[in-house]
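# A closer look at the structure
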Amino acid sequence: MSALAQSITLIESTAPSHRLCARKVLEGLAEHGRKRARLVAISGVPGAGKSSLIETLGNQLCDNGLRVAVLAVDPSSSRSGGSILGDKTRMETLSIRPECFIRPSPTGGALGGVTRRARETVMICEAAGFDVILIETVGVGQSEIAVRSLVDCFILLLITGAGDDLQGIKKGIVEIADIVLINKADGDNQVAAETTRLEFEGVMHMLSPSTEGWSPPVLAVSAHEDRGIAETWRAVEAYFEHLEISSQLLSRRRQNNLNWYRSHVAEELYARFLQDPGIAGEIAHIELAVLDGSLEPSLAVDTLYEKLSPISLSN
Ligand code: GDP
């Protein structure tokens, strides 16, 4: 496990000499081919119960003889200065199991950097022989769209009574879900959870499924009382079976790779473009002009693009 942690630390480092080593490690992995793990994202707003669910589910998977890695993708952690996800103290029983490896979100950097390092970490965990890789991510916007292209199966974790009615939940996120869970279906909350479950079942029927031929199940679960967790994993297995039978697993991974590559090329080009001294000096003026209304936004884009051609992108 310590070699694994060290490899990941290398991957996460932004020091140029480490990046070079990391690239060699990744090239080596690509050459050897990877054992395929089940890559599953669990997304939900803070407080939805992601850690609790992973703790309960992860323990069950380990009990069934599987090796489980838990990674976190949390771009907000760079702002708060610390990782709020994947925190070992929040998965007390799981983190001490030898079959399990928990890695908090790397801190620092924008979403692109965080998901890039997460992807490389996934490669290392697959090479290390984990059967299941759970990726915990906060449901706050762009991050889950980026995480979607890292995983095979995307689980959306919801709760009732937190203002998360149908309007409050961004449609785009519901659309990419393969399985929807309504957590905290226990105690006084059971009836409300069932009502929400039925509502979402209706919603999911109306949406075009993100995976052809798969109608995303909606389950009410309780991470605390271990209710619906075994069913959740059965749903995950059924989903993978569907992907395999319909020959979509490989094509989805390839499409994911292409999507991921495209978005990161765009991001990298944009970042380098903005870093160019000629552009960096100009951009503040352009933005001010847009802000005070003296420059039309579309003209501002043209003005910026005109600067593009002489720029070297080799830095
Ligand atoms: P995260 O921020 O999404 O990782 O959420 P946590 O797992 O930290 O849980 C947030 C809060 O909800 C904590 O106080 C948990 O004890 C509570 N919680 C999590 N799962 C359940 C559940 O199944 N039932 C109930 N009643 N509370 C839960």
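Structure shown above.
Let me sum up the structure you'll find in this document. (Residues numbered from 1 in each chain as written. Predicted model: local features only at pLDDT ≥ 70, side-chain atom pairs only at ≥ 80, totals over all residues. Heavy atoms only, no water.)

## Structural notes on empty space enclosed by the protein
Throughout the structure, instances matching the rule amount to two cavities of 30 Å³ or more. Space inside the second largest cavity adds up to approximately 40 Å³. Residue composition of the lining of the second largest cavity, by class: six nonpolar, two polar and one charged. (1 Å grid on protein atoms, 1.4 Å probe; cavity = no way out; pocket = protein on both sides within 12 Å on 5 of 7 lines; lining within 4 Å. Points joined across faces, edges and corners; volume = space filled by probe spheres on them. Nonpolar A, V, L, I, M, F, W, Y, C, P; charged D, E, K, R; others polar.)

## Observations regarding the pairing of strand β1 (residues 38-44)
Burial analysis of β1 places six of its seven residues in the buried class, which makes it a mostly covered element. Where β1 meets strand β4 (residues 132-138), seven bridges bridge the pair, whose relative direction is parallel. Along β4, the bridge assignment pairs Gly44 with Val138. The pairing of β1 with strand β5 (residues 153-158) spans four bridges and is classified as parallel. For Val40, the partnering residue across the bridge sits in β5 and is Cys153. (Buried < 20%, exposed > 50% of the residue type's maximum accessible area, 1.4 Å probe, protein only. Helix = DSSP H or I, 4+ residues; strand = E, 2+ residues; numbered from the N terminus. Pairing = 2+ DSSP bridges.)

## A look at the site of the ligand
The ligand sits among 16 residues. The nearest are Gly47, Lys50, Ser52, Asp186 and Ala223. The contact in question runs from an oxygen atom of the ligand to an N or O atom on the side chain of Lys184, over 2.8 Å. Calculation on the ligand without its partners gives an accessible area of 580 Å², and the protein chains cover 72% of this total. For the shell around the ligand, the element with the most residues is helix α3 (residues 50-63), which contributes three residues. For the shell around the ligand, the per-class residue count stands at four nonpolar, seven polar and five charged. (Near = heavy atom within 4 Å. Polar contact = N/O pair within 3.5 Å; in protein donor to acceptor, adjacent residues only side chain to side chain. Areas by Shrake-Rupley, 256 points an atom, 1.4 Å probe, with all protein chains shown as cover.)

## Looking at unusual backbone geometry
A positive phi is found at Lys184, a non-glycine position, where the angle reads about 65°. When you line up the elements, Lys184 lands in the loop between β6 (179-182) and α9 (190-206). The exposure class assigned to Lys184 is partly exposed, which follows from its relative accessible area of 34%. Located in the positive-phi region is Ser247, a residue other than glycine, with phi close to 55°. With respect to the helices and strands, Ser247 occurs in the loop between α10 (229-245) and α11 (248-275).

## Quick look at the nonpolar core
Counting 40 residues, the largest nonpolar core has Cys125, Ile133 and Ile135 as the members making the most contacts within it. Per-element accounting of this core gives the leading share, five residues, to helix α6 (residues 111-127). Aside from chain neighbours lying at most four places away, what touches Cys125 is Leu4, Ile8, Ala69, Leu71, Phe101, Phe130 and Ile133. In this structure, Leu57, Ile102, Ile229 and Trp233 belong to the second largest nonpolar core, which totals 32 residues. (Core = buried A, V, L, I, M, F, W, Y, C linked by side-chain atoms within 4.5 Å. Contact = heavy atoms within 4.5 Å.)

## As for the pairing of β6
Burial along β6 is two-sided: Ile179 and Leu181 facing one way and Val180 and Ile182 facing the other are all buried. Sheet analysis places β5 next to β6, joined by four bridges and oriented parallel. From the neighbouring strand, Leu157 faces β6, where its bridge partner is Leu181. Across three bridges, β6 lies against strand β7 (residues 218-220) in parallel orientation. Among the inter-strand pairings, Ile182 is bridged to a residue of β7, identified as Ala220. Taking the sense of rotation as the criterion, the β-α-β connection linking β6, α9 and β7 turns out right-handed. (Right-handed = clockwise from strand over helix to strand, strands pointing away.)

## A closer look at the pattern of salt bridges
Scanning the entire structure with this criterion turns up twelve salt bridges. Among the salt bridges present, the one from Glu244 reaches Arg38, with a minimum N-O distance of 3.8 Å. Placement of the pair is Glu244 in helix α10 and Arg38 in strand β1, with a sequence separation of 206 residues. Taking relative accessible area as the criterion, Glu244 reaches 45% and is therefore assigned partly exposed. Taking relative accessible area as the criterion, Arg38 reaches 22% and is therefore assigned partly exposed. A salt bridge links Glu194 to Arg197; the shortest N-O distance between them is 3.0 Å. Residue Glu194 and its partner Arg197 are located together in helix α9, separated by three residues, close to a single helical turn. (Salt bridge = Lys/Arg side-chain N within 4 Å of Asp/Glu carboxyl O.)

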